[in-house]
Amino acid sequence: MYFEQSLVGNANYYHQDKDGWKMWCDDHLQQIKADFDDDMKTMTFANQRYFGDWVAYHGHCDVGYYLGCQFVHYILSKYRFDESICFDIDMVKKLFKEFVRILSGDTLTDL
């Protein structure tokens, strides 16, 4: 999603944004982060509710793509892209925990 945004030149672009999807995601970012973090403990391909138009998180599809893109924007606000692609899984987990703790009404693309 981040690369798609880069290609269209709009950090707020999401091809999923129909019928207020992005606004809903922006308004619920803190809850999405908290729920995803909590769900990771037991999440499997079969029970995940974030990725794909065949699943729904509180009635909204593809919320994981929004969350993932916000996370990438967070990482790239702190590190260069060429650094970030070399992170091991422990560093990604550490950054995700930081990302989950951010308490802001703003979307991370507004950084």
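Our subject is the structure listed above.
Keep in mind that what you see is a predicted model, and the values were worked out from it rather than measured.

### A few points about the side chain of Lys33
- Along the polypeptide, Lys33 turns up in helix H3 (residues 29-39).
- Of the side chains with opposite charge, Asp37 lies nearest to the buried Lys33, which makes no salt bridge, at 10 Å.
- If near-sequence neighbours (up to four positions away) are discounted, Lys33 is found in contact with Leu67, Phe99, Val100 and Ile102.

### Some points on the packing of H3 against helix H6 (residues 89-101)
- Contact geometry for H3 and H6: axes closest at 9 Å, N-to-C directions at 140°. With respect to H6, the element H3 is oriented oblique. Two packed elements cross with a definite hand, and for H3 against H6 that hand is left-handed. Between H3 and H6, the contacting residues are Gln30, Lys33, Phe36 and Asp37 on the first element and Phe96, Lys97, Phe99 and Val100 on the second.
- Split into classes, the residues belonging to the contact of H3 with H6 amount to four nonpolar, one polar and three charged.

Thresholds applied
Residues numbered from 1 in each chain as written. Predicted model: local features only at pLDDT ≥ 70, side-chain atom pairs only at ≥ 80, totals over all residues. Heavy atoms only, no water. Helix = DSSP H or I, 4+ residues; strand = E, 2+ residues; numbered from the N terminus. Buried < 20%, exposed > 50% of the residue type's maximum accessible area, 1.4 Å probe, protein only. Lys, Arg positive; Asp, Glu negative; His and termini not counted. Salt bridge = Lys/Arg side-chain N within 4 Å of Asp/Glu carboxyl O. Contact = heavy atoms within 4.5 Å. Axes fitted to C-alpha atoms, helices over the stretch in contact; angles between N-to-C directions. Parallel < 35°, antiparallel > 145°, perpendicular 65-115°, else oblique. Left-handed = near helix turned anticlockwise from the far one by under 90°. Nonpolar A, V, L, I, M, F, W, Y, C, P; charged D, E, K, R; others polar.

Remember, this is a structural readout, not a statement about activity or role.
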